[in-house]
Amino acid sequence: MSWRIDVRCAGSGGQGLALAAVVLAEVGLAANCEVALTQEYGPEARGGASRADVAISDTTIANPQCQVPGVLLALHDKAWRKFAVGTPAVLAALGRGDTVAVVDGDLVDVAPGTPNVLALPFEQVARDELRAKVVANMLAVGALGRLLGRFPAHLVEQGVARRSPSAFRELNTVAVRRGWAMMGVLLDAAPAGSDAGLASAGAATAKGAVGAATAKGAVGAATAKGEVTADAGARA
């Protein structure tokens, strides 16, 4: 059965969401998938809510436009308000389990009881642990790679390496591994019988697996060593 996953990367201008989307597209191409990438440009991309959409499929993508993403990454509250709270179709999809949201739990104010939301402290880990707030987007890329469940960790690392300036290549790779580990901790803590990732049937769904989950306490215990899969040891 053919599959397609639509990922919307949303945040505030300057958070590197366009780069995150490009890396995900690179990963899809490396896995011999069909890929379509669309980005939102304009004045609001500087400081306002911005987005980039990636469609990845094992067959031809006839329509690259994404109305309702299977996965919504929101790294800033203004992006959450615009692309989730302000988009009734996305809120409805979250309620049905057709969309899962991955948010920065410190920067995004999610209403209590909102289903199918995974919260991770990307910016806090980037700032306090990796000493570079700018790699929060690469932490998110690693987390998304683990959540999607269709691509091995080494392909995600290779995608980052191809798109990183030489001065940031090593740090970005570390960030991707850390994000992969953070999501692994969160998924491991999901209720028994829930989906571990979104690979099943190609439809992005996490019914019962997430439900306003947060890993603030668990993340501190995760390390890039041992939490990521064996594939993560590969180099670009």
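Residues numbered from 1 in each chain as written. Predicted model: local features only at pLDDT ≥ 70, side-chain atom pairs only at ≥ 80, totals over all residues. Heavy atoms only, no water.

Draft legend 1. Inspection of helix H3 (residues 88-96) at higher detail. Those residues of H3 not exposed but buried are Val90, Ala93 and Leu94. Viewed end-on, H3 has its buried residues packed into an arc of 105°, placing them on one side of the element. Looking at H3, the residues exposed on the side facing more than 90 degrees away from the buried face are Pro88 and Gly95. The inward-facing, buried residues of H3 contact strand S4 (71-74), helix H2 (77-85) and strand S5 (100-104). A positive phi of about 85° marks Gly97, the residue just after H3. (Buried < 20%, exposed > 50% of the residue type's maximum accessible area, 1.4 Å probe, protein only. Helix = DSSP H or I, 4+ residues; strand = E, 2+ residues; numbered from the N terminus. Arc of directions from axis to C-beta. Contact = heavy atoms within 4.5 Å.)

Draft legend 2. Seen up close, helix H4 (residues 122-129). All of the buried residues along H4 are Phe122, Glu123, Val125 and Ala126. Seen along its axis, H4 keeps its buried residues to an arc of 170°; they face one direction. Just beyond H4, the residue with positive phi is Arg131, at close to 60°.

Draft legend 3. Seen up close, the packing of helix H1 (residues 17-30) against helix H6 (residues 153-163). The N-to-C vectors of H1 and H6 enclose an angle of 125°; their axes lie 8 Å apart at closest approach. Between H1 and H6, the interaxial angle falls into the category oblique. Seen along the crossing, H1 lies across H6 with a hand that is right-handed. Judged by residue contacts, Leu19, Val22, Val23, Glu26, Val27 and Ala30 of H1 engage Leu155, Val156, Gly159, Val160, Arg162 and Arg163 from H6. Grouping the amino acids of the contact of H1 with H6 by side-chain chemistry returns eight nonpolar, one polar and three charged. (Axes fitted to C-alpha atoms, helices over the stretch in contact; angles between N-to-C directions. Parallel < 35°, antiparallel > 145°, perpendicular 65-115°, else oblique. Left-handed = near helix turned anticlockwise from the far one by under 90°. Nonpolar A, V, L, I, M, F, W, Y, C, P; charged D, E, K, R; others polar.)

Draft legend 4. Expanded view of the pattern of salt bridges. Inspection of the entire model under this criterion finds 11 salt bridges. Between Glu26 and Arg163 there is a salt bridge, and its shortest N-O distance comes to 2.7 Å. Placement of the pair is Glu26 in helix H1 and Arg163 in helix H6, with a sequence separation of 137 residues. What makes Glu26 buried here is its relative accessible area of 15%. (Salt bridge = Lys/Arg side-chain N within 4 Å of Asp/Glu carboxyl O.)

Without other data, these values stay purely geometric and don't point to any function.
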